[in-house]
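As a plain string of letters, each chain reads:
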Amino acid sequence: MGAFESTYLPEILHDIAMGLLIPAMVAIIILMLLTLFFLGQVIVEFFCERRHFKQNMPKIVNQINDVDYQGVTDVVVGSQLLKYQKAALVTISQNMGLPEEPLFSLAQIEIARMEKRYQRRLAWTDTISKVAPLLGLMGTLIPLGPGIVALGQGDVAGLSKSMELAFDATVCGLVCAIVALIVSKIRGGWYDEYVRTLESLVGCVVDKADVARKQGVQLPANYCGDPLKEFVVQAAPAANSAAADPADPAEPKGGE
């Protein structure tokens, strides 16, 4: 131990640790701001997206099953699904004329694309929930060194200041982690439901294409456009006006 203290290593380690204090505090503040942003984002998502996701699954499955092959796209666009679900289903319905294997691969790609989109959203809060406690621990341990030194020198004021900084860093890191974890859990439940819904409806469309293929019906294929712009967005004004129509019995009028 004496040989170690006779070198410059303790001073180097101390300088490195103290140099990391400010970056750790800045990182905790940034994570707190990001956490507030994602908390506000999930609240907006609830009122703008989740609250309006009330598609009756048996109803749309029966509609897809009963409609003729050319009307599948109209059923999907006129439903209360989310826009990205509609886009995926429109892409598949506009390529129902593909052979079985290519159509199945396209369906898998659309499902995987939606899963990836949701995974990217969850990655931020998942990372914050894991990194924030570590940064809080760094912000706790680094000031404790000078605090213990101050205690050895009888500097109670220096010790109390170091302890205050350490506790503040711990609390802020834990708050970030807790809020980010809650946001991830809430969103994760929503997104799992969205993906399962899409998988079920994709299966209905693929099965309908298989029936048409066996009957020798010629269906559209080779569609490579943007369904959001060409189908979903164009149908949005009509859907909104229908939802606002007082005579429409499908839209509940009570408060949610």
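Predicted model only: the values in this text are computed from it and were never measured.

**Q** So, the overall build of the chain: which residues are in play, and what are the values?
**A** Check the secondary structure of the chain and you find eight helices and zero strands. Taken across its 256 residues, the chain has 35% of its residues classed as buried. The long-range share in the chain, meaning contacts at least 24 apart out of those at least 6 apart in sequence, stands at 80%. Counting only carbon and sulfur atoms, one obtains 65% of the accessible surface of the chain, whose full area is about 15,000 Å².

**Q** For the side chain of S184, give the residues involved together with the corresponding values.
**A** Counting through the fold element by element, S184 comes out in helix α7 (residues 156–215). With a relative accessible area of 8%, S184 lands in the buried category. Apart from residues lying up to four places away in sequence, S184 is in contact with L122, T125 and D126.

**Q** Mind laying out the state of the cysteines, listing which residues take part and the relevant values?
**A** Tallying each qualifying case throughout the model produces zero disulfides. Between C172, a cysteine without a disulfide, and C176, which holds the nearest cysteine sulfur, the sulfur-to-sulfur distance is 6.8 Å.

**Q** Please give an account of the confidence of the model for the chain that cites residues and values.
**A** Across the chain, the average pLDDT comes to 84, with 88% of residues at or above 70. Within the chain, no element has a lower average pLDDT than helix α1 (residues 2–5), which sits at 55, and none a higher one than helix α5 (residues 83–93), at 92. The low-confidence segment residues 241–256, where pLDDT is below 50, has eleven contacts with residues more than four positions distant or belonging to other chains.

**Q** Tell me about the side chain of E49, and please be specific about residues and values.
**A** Relative to the helices and strands, E49 resides in the loop between α2 (9–48) and α3 (57–66). For E49, which is buried and forms no salt bridge, the nearest opposite charge comes from R121, at a distance of 4.2 Å. The contact partners of E49, leaving out residues within four places of it in the chain, are V44, L82, R121 and Y194.

**Q** With reference to specific residues and values, describe the packing of aromatic side chains.
**A** Summed over the entire model, instances satisfying the criterion amount to eight aromatic pairs. Measuring from ring centre to ring centre gives 5.3 Å for F37 and F38, while their planes differ by 70°; the resulting arrangement is edge-to-face. Each member of the aromatic cluster is reached from another via a ring pair, and the members are F37, F38 and W124.

**Q** Which residues make up helix α6 (residues 100–152), and what values do they have?
**A** Its 53 residues give α6 an end-to-end C-alpha distance of 78 Å, which sits within 8% of 78 Å, the value for a rise of 1.5 Å per residue. Bending of α6 peaks at approximately 30° at the position of L122. Positive backbone phi, at 80°, marks G154, one or two positions downstream of α6.

**Q** So what's going on with unusual backbone geometry? Which residues, and what values?
**A** One non-glycine residue, N222, lies in positive phi territory at about 60°. Here N222 shows up in the loop between α7 and α8 (227–244).

**Q** Break down the packing of α5 against α7 for me, citing the residues and quoting the values.
**A** Geometry of a packed helix pair, given as the angle between the helix axes and the separation of the axes. Two elements in contact, α5 and α7, have axes separated by 10 Å at closest approach and are oriented at 20°. Taken together, the axes of α5 and α7 are roughly parallel relative to one another. Two packed elements cross with a definite hand, and for α5 against α7 that hand is right-handed. Contact residues: Q85, A88, L89, I92 and S93 in α5; Y194, T197, L198, L201, V202 and V205 in α7.

**Q** Describe in detail the packing of α5 against α6, supporting the description with residues and values.
**A** As a packed pair, α5 and α6 sit with axes 9 Å apart at the nearest point and diverge in direction by 165°. Considering their axes alone, α5 and α6 lie roughly antiparallel with respect to each other. Relative to α6, the crossing made by α5 is right-handed. Seen from α5, the contacting residues are Y84, Q85, A88, T91 and I92; seen from α6, they are L103, L106, A107, E110, M114, R117 and R121. For the contact of α5 with α6, the per-class residue count stands at seven nonpolar, two polar and three charged.

Each value, and the rule that gives it
Residues numbered from 1 in each chain as written. Predicted model: local features only at pLDDT ≥ 70, side-chain atom pairs only at ≥ 80, totals over all residues. Heavy atoms only, no water. Helix = DSSP H or I, 4+ residues; strand = E, 2+ residues; numbered from the N terminus. Buried < 20%, exposed > 50% of the residue type's maximum accessible area, 1.4 Å probe, protein only. Contact = heavy atoms within 4.5 Å. Areas by Shrake-Rupley, 256 points an atom, 1.4 Å probe, with all protein chains shown as cover. Disulfide = S-S within 2.5 Å. pLDDT = per-residue confidence, 0-100. Lys, Arg positive; Asp, Glu negative; His and termini not counted. Salt bridge = Lys/Arg side-chain N within 4 Å of Asp/Glu carboxyl O. Phe/Tyr/Trp six-rings, centres within 6.5 Å; stacked < 30°, edge-to-face > 60°. Expected span 1.5 Å × (residues − 1). Bend = angle between axes of the 7 residues up to and from the residue. Axes fitted to C-alpha atoms, helices over the stretch in contact; angles between N-to-C directions. Parallel < 35°, antiparallel > 145°, perpendicular 65-115°, else oblique. Left-handed = near helix turned anticlockwise from the far one by under 90°. Nonpolar A, V, L, I, M, F, W, Y, C, P; charged D, E, K, R; others polar.

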